[in-house]
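Structural characterization, general
Chain residues, written in single-letter form:
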Amino acid sequence: ALVKTVSYLKQRSVKPITVRRYTEACEKFDEWRTGTGKLVGTTRDDTLAAYLDVLFFNGEPVSAGRYATYALRFMQGWSVSKADIPNTHAALKGWRLAAPAVNRDPMPWQALLLLVHALLQYDGPLAHVYKRAALVLPWQFDGYMRPSEALAVSKDDVFFTRHKDRRIAVIIQAAPDLSLIH
């Protein structure tokens, strides 16, 4: 099996959750490798590159490929330099190009709505500030805006249009006059 005991001090070099993820990644790789009945390639590099193909076609994100690669380095001492595993590095590069990284929301949409609900329910001092924040948070979240940008939106900045059969709002703000900054 690929998962072996890692020294206490080596485990302390990364967070416990990382050790768990590396262990899981090594177990999945070992399970796949064992399931094929042999090493797919003639080298570790060829085998790992073939495994990355499997992960890619299974719809895994590129981070799963990076985790597998670095897990083998951490848990097994495999070298991950470009010189030692050129096919793996090429596979990771191809993966990034074939499936570019997507923006991940900072929190699930449902969590944002719970936060908005809590802000709307607040009835203490400065309740009007909480209500304004509740109105601005979804715009800020959906539009990837900074708080100052979201708070600066006025009705003149919002235009409504149609896309397919949906009415959508488009926020357009003029670029700041940078000539005022010296």
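Note: the structure precedes this text.
Parameters and conventions
- Counting restarts for each chain: residues are numbered from 1 in the order of the written sequence.
- Since the coordinates come from a predicted model, pLDDT governs what is reported: local features require at least 70, and pairs of side-chain atoms require 80 or more to be given and counted, while whole-chain, interface and lining totals use all residues.
- As a rule here, side-chain values cover all heavy atoms of the structure and leave hydrogens and water aside.
- Only DSSP runs of H or I covering at least 4 residues are called helices, and only runs of E covering at least 2 are called strands; the numbering of each starts at the N terminus.
- A helix is expected to span 1.5 Å for every residue after the first.
- Residue exposure (1.4 Å probe, protein chains only): buried if accessible area is under 20% of the type maximum, exposed if over 50%, otherwise partly exposed.
- Note on definitions: a residue-residue contact is assigned when non-hydrogen atoms from the two residues lie within 4.5 Å.
- Pairing of aromatic rings covers Phe, Tyr and the six-membered ring of Trp, with a centre-to-centre limit of 6.5 Å; geometry is then stacked below 30 degrees between planes, edge-to-face above 60, and tilted otherwise.
- Throughout, nonpolar core names a set of buried Ala, Val, Leu, Ile, Met, Phe, Trp, Tyr and Cys residues whose side chains join them through atoms within 4.5 Å.
- To count toward a patch, a residue needs a relative accessible area over 30% and no salt bridge; like charges are then connected within 9 Å, while nonpolar side chains (Val, Leu, Ile, Met, Phe, Trp, Tyr) are connected within 5 Å.
- Only the protein chains shown count as covering a residue, and every accessible area follows the Shrake-Rupley method with a 1.4 Å probe.
- By definition here, a salt bridge exists when the distance from a side-chain nitrogen of Lys or Arg to a carboxyl oxygen of Asp or Glu is within 4 Å.
- For the purpose of counting charges, residues Lys and Arg are taken to be positive, whereas Asp and Glu are taken to be negative. His and the chain ends are not included.
- Where a charge sits is defined by one atom per residue type, namely NZ (Lys), CZ (Arg), CG (Asp) or CD (Glu).
- Arc definition: it is the arc formed by the directions from the helix axis to the C-beta atoms.

Our focus in this paragraph is helix α4 (residues 62-76). Owing to its 3.6 residues per turn, the α-helix brings residues three or four apart onto one side. In a regular helix each residue adds 1.5 Å, so 15 residues correspond to 21 Å; α4 covers 21 Å between its end C-alpha atoms and thus fits that length. If you check which residues of α4 are buried, you get Val62, Gly65, Ala68, Thr69, Ala71, Leu72, Phe74, Met75 and Gln76. Buried residues belonging to α4 abut α1 (8-11), α2 (16-36), α3 (44-57) and α5 (86-98). Just beyond α4, the residue with positive phi is Gly77, at close to 80°.

With that settled, the discussion passes to the packing of aromatic side chains. A complete count under the given rule lists 10 aromatic pairs for this structure. For the pair Tyr22 and Phe74, a centre-to-centre distance of 5.3 Å together with 45° between the ring planes defines the contact as tilted. Here Tyr22, found in helix α2, pairs with Phe74, found in helix α4; they are 52 residues apart in sequence, far enough to count as distant. For the pair formed by Tyr22 and Phe74, the shared burial category is buried. Between the aromatic rings of Trp109 and Phe141, the centroid separation amounts to 5.3 Å while the plane-to-plane angle is 45°, which identifies the pairing as tilted. Residue Trp109 is located in helix α6 (residues 109-121), and its partner Phe141 is located in helix α7 (residues 127-143); the two are separated by 32 residues in the primary sequence. An aromatic cluster of three or more residues is present, and its members are Phe29, Trp32, Tyr51 and Trp78.

Glancing now at the environment of Thr88. Here Thr88 is to be found in helix α5. As for Thr88 and Arg44, which are separated by 44 residues in sequence, their C-alpha atoms are 9.3 Å apart. In this structure, Thr88 is in contact with Asp45, Leu48, Ala49, Leu52 and Thr69, ignoring residues within four places of it in sequence.

With that settled, the discussion passes to the nonpolar core. Counting 21 residues, the largest nonpolar core has Phe29, Leu48 and Tyr51 as the members making the most contacts within it. Looking at this core, the elements that each hand over two or more residues are α2, α3, α4 and α5.

With that out of the way, let us pick up a positive patch on the surface. Together, Arg66, Lys82, Lys93 and Arg96 make up a region of like positive charge exposed at the surface. As for its position among the elements, Lys82 is in the loop between α4 and α5.

Right, let's get into unusual backbone geometry. Note: most peptide bonds trans; most residues except glycine with negative phi. Phi is positive for Leu126, close to 60°, though the residue is something other than glycine. Assignment of secondary structure puts Leu126 in the loop between α6 and α7. Overall, the relative accessible area of 55% leaves Leu126 in the exposed class.

Before going further, it helps to spend a moment on α5. Taking 1.5 Å as the rise per residue, α5 with 13 residues should run 18 Å; its terminal C-alpha atoms sit 18 Å apart, in good agreement. Listed as buried for α5 are Thr88, Leu92 and Trp95. Looking straight down α5, one finds that the buried residues subtend no more than 60° of arc, so they occupy a single side. More than 90 degrees from the buried face of α5, the exposed residues found are Leu97 and Ala98. On the buried face of α5, the contacting elements are α3 and α4.

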